[in-house]
Amino acid sequence: MTTDKALWAGRFEESVADEMQAFGASLPVDVRLWPEDIAGSWAHADMLAAQGIISEADNKAIQEGLESIAHDIVQDKLEFDIASEDIHMAIEGELTHRIGEPGKKLHTGRSRNDQVVTDFRLYCVQASEELQEELHELRMTIIEVAEGNLEVILPGYTHLQKAQPVLLAQHLLAWQAMLERDSLRFKQACFAADASPLGAAALAGTPHNISREATARALGFSRIIPNSMDAVSDRDFACDFIYAAAMTMMHLSRMCEELILWSTEEFGFITLSDAFSTGSSIMPQKKNADFAELTRGKTGRVYGSLMGILTTLKSLPLTYNKDLQEDKEGLFDAHDTLTLCITAVRGMIASMTINSKRMLEAAQGGYMAATDLADWLAARGMAFRDAHEVVGQAVLYAEKQGKRLDELSLEELQQHSNEFTSDALKVLDIKHVVEARTSPGGTSLKSVKQQLDDLRSLR
Ligand code: ARG
């Protein structure tokens, strides 16, 4: 069984087998490129007319035809012919159906090979810009929560064991820093996509007297791709985009893991808002951090898209190969997934309750002033290794007594070294421990305020 012949079917005597129509088609996936496809055709037809390759009258008919198609798509009045292989053929077929002869001239000096990657690059430029905006909003939310809770102290961890107390703002600004790098990666992905392949035609260029600069300029590209073969086969920009998305998901996932831990009864550091958590159908008491878990889970599928495109590109000979049609689905999915996850994380952070009392209590346990006590001895001339040993014994003693370090008396400390004086007790105060860390990038209030100050250009 076969259906109607395709736009390219001149040299064919038979149509593609029905079973293969859907297999070969990308329309269900690339239909979302319709705005870019129409923009590309507008620019191309304008250029053809300006170069005297088609008449002004034909150009006018093409422009108006494309406009009416765009209008009908927006109004949801156009059903694409599902037999169309892709969005490019669907729009061109519809155009010719509407305006007749001039529609058939649109494809002069152009191939779907440069057309598809023009559309895809335009999409990536815009998506990268949007994601930088989304990330900016999330970073601002994090900064606002940091600024609104400047004095809050919680334990800092290594190996997920309490290590040293830190300001909550210090912790949040570390999240901010991850996202700042992600934003830079999207800027880089945007730059990679921002080059016009249009005019490369099938692979080797075209004998028509086209102007690649004119179409690049009209579409807002900042440069043209210098080599026509590279233009139609390069998908590095798509890898860059998905890599940036995968890195951002990895960071969101790490943040979500902390939100999940912090919202457990065992930690109790935060309470997620009702709007950003869910319940259980059997256990009435439950409030789950579902959206944080989903974000963590969806990270895997974005990694999958990165592996997918890298594997698709591996071993592809120059130039266009149909394998390249597989480049879009994963990228679109990565874009959608990341956008949703940023919204989820931003909502959770903006609406969570910070249980600062609980954080402080946790920071007071865990012998987290131990390093400071050793530093105190070292500052008085004891070799740090010896000081480490002395304080280690004091910790062991306190643990056996069921006491915190700051609950030990001077006499108890002096059992471990007679270097200790009442001054030593001061360093055991958790606020003192935080405030002592004045090194650049450290967790003292002064250093944290400096970090916030350095971020003021974001606002
Ligand atoms: N649907 C194709 C894709 O997404 C468009 C380019 C097809 N070119 C070709 N020579 N078959 O890659």
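For the structure itself, look to the data block above.
Residues numbered from 1 in each chain as written. Predicted model: local features only at pLDDT ≥ 70, side-chain atom pairs only at ≥ 80, totals over all residues. Heavy atoms only, no water.

Quick word on the overall build of the protein chain
Then, number 1: Looking only at helices and strands, the protein chain has 20 helices and 4 strands in total.
Then, number 2: For 459 residues, the compact-globule estimate of 2.2 N^0.38 gives 23 Å, and the C-alpha radius of gyration of the protein chain, at 31 Å, exceeds that figure by more than 25%.
Then, number 3: Taken along the three principal axes of its C-alpha coordinates, the protein chain extends 100 × 50 × 40 Å.
Then, number 4: Residue burial in the protein chain is summarised as follows: out of 459 residues, 49% are buried.
Then, number 5: Per element, the accessible surface of the protein chain, about 22400 Å² overall, is 53% carbon and sulfur. (Helix = DSSP H or I, 4+ residues; strand = E, 2+ residues; numbered from the N terminus. Rg over C-alpha atoms; globule rule 2.2 N^0.38 Å. Buried < 20%, exposed > 50% of the residue type's maximum accessible area, 1.4 Å probe, protein only. Areas by Shrake-Rupley, 256 points an atom, 1.4 Å probe, with all protein chains shown as cover.)

Quick look at the nonpolar core
Then, number 1: Core analysis: the biggest nonpolar cluster contains 99 residues, and Trp175, Leu252, Leu331 and Ile349 have the highest contact counts within it.
Then, number 2: Per element, the largest residue contribution to this core is 15 residues, and it comes from helix H11 (residues 236–262).
Then, number 3: Ignoring any residue separated from it by four or fewer positions in sequence, one finds Trp175 in contact with Ile142, Met255, Glu258, Leu259, Trp262 and Ile349.
Then, number 4: Core analysis: the next-biggest nonpolar cluster, separate from the first, contains 23 residues, Ala369, Tyr397, Ala398 and Leu428 among them. (Core = buried A, V, L, I, M, F, W, Y, C linked by side-chain atoms within 4.5 Å. Contact = heavy atoms within 4.5 Å.)

Focus on a nonpolar patch on the surface
Then, number 1: A surface patch of nonpolar side chains, amounting to about 270 Å² of accessible area, comprises Leu203, Met229 and Leu318.
Then, number 2: Note on placement: Met229 falls in helix H10 (residues 228–233).
Then, number 3: Residue classification places Met229 among the partly exposed positions, given a relative accessible area of 36%. (Patch = residues over 30% accessible without salt bridge, like charges linked within 9 Å, V, L, I, M, F, W, Y side chains within 5 Å. Salt bridge = Lys/Arg side-chain N within 4 Å of Asp/Glu carboxyl O.)

Structural notes on the packing of helix H8 (residues 168–193) against H11
Then, number 1: Between H8 and H11, whose axes approach to 7 Å, the crossing angle comes to 165°. Of the possible angle classes, the one that applies to H8 and H11 is roughly antiparallel. The way H8 lies across H11 gives a crossing that is left-handed.
Then, number 2: Residue classes in the contact of H8 with H11 are distributed as 18 nonpolar, 3 polar and 5 charged. (Axes fitted to C-alpha atoms, helices over the stretch in contact; angles between N-to-C directions. Parallel < 35°, antiparallel > 145°, perpendicular 65-115°, else oblique. Left-handed = near helix turned anticlockwise from the far one by under 90°. Nonpolar A, V, L, I, M, F, W, Y, C, P; charged D, E, K, R; others polar.)

Topic: the site of the ligand
Then, number 1: Around the ligand sit Ser26, Asp86, His88, Arg112, Asn113, Val116, Tyr320, Gln325 and Lys328, and that is every residue in its neighbourhood.
Then, number 2: Take Asp86: an N or O atom from its side chain is 2.8 Å from a nitrogen atom of the ligand.
Then, number 3: Taking Lys328, its side chain carries an N or O atom lying 2.7 Å from an oxygen atom of the ligand.
Then, number 4: Taken by itself the ligand offers 350 Å² of open surface, and the protein chains cover 87% of this.
Then, number 5: In terms of residues, the shell around the ligand owes the most to one element, helix H7 (residues 112–148), which gives 3 residues.
Then, number 6: Partitioning the shell around the ligand into residue classes produces 2 nonpolar, 4 polar and 3 charged. (Near = heavy atom within 4 Å. Polar contact = N/O pair within 3.5 Å; in protein donor to acceptor, adjacent residues only side chain to side chain.)

A short note on the pairing of strand E2 (residues 161–167)
Then, number 1: Taken together, the 6 bridges between strand E1 (residues 153–158) and E2 define a ladder with antiparallel strand orientation. Paired with Ile153 across the bridge in E2 is Leu167.
Then, number 2: Counting the residues between successive antiparallel strands, the hairpin from E1 to E2 contains 2 residues, one of them, His159, with a positive phi of roughly 55°. (Pairing = 2+ DSSP bridges.)

Things to note about the side chain of Ser26
Then, number 1: Topologically, Ser26 is positioned in the loop between helix H1 (18–24) and helix H2 (27–30).
Then, number 2: A relative accessible area of 7% places Ser26 in the buried class.
Then, number 3: When neighbours within four sequence positions are excluded, Ser26 is seen to be in contact with Glu85, Asp86 and Gln325.

Here's the deal with unusual backbone geometry
Then, number 1: Omega for the bond connecting Leu318 with Thr319 falls within 30 degrees of zero, at 5°, which places this linkage in the cis form.
Then, number 2: In this structure, Thr319 sits in the loop between helix H12 (290–313) and helix H13 (327–351).
Then, number 3: The phi dihedral of His159 falls on the positive side, at around 55°, and the residue is not glycine.
Then, number 4: By the secondary structure assignment, His159 is in the loop between E1 and E2.
Then, number 5: For His159, a relative accessible area of 74% puts it in the exposed group.

Points about the environment of Thr278
Then, number 1: Along the chain, Thr278 falls in the loop between strand E3 (270–271) and H12.
Then, number 2: Separated by 10 residues in the primary sequence, Thr278 and Asn288 place their C-alpha atoms 5.2 Å from one another.
Then, number 3: Leave out the neighbours within four places in its chain, and Thr278 touches Lys286, Lys287, Asn288, Asp290 and Phe291.
Then, number 4: Polar side-chain contacts of Thr278 include one of 2.7 Å to the side chain of Asp290.

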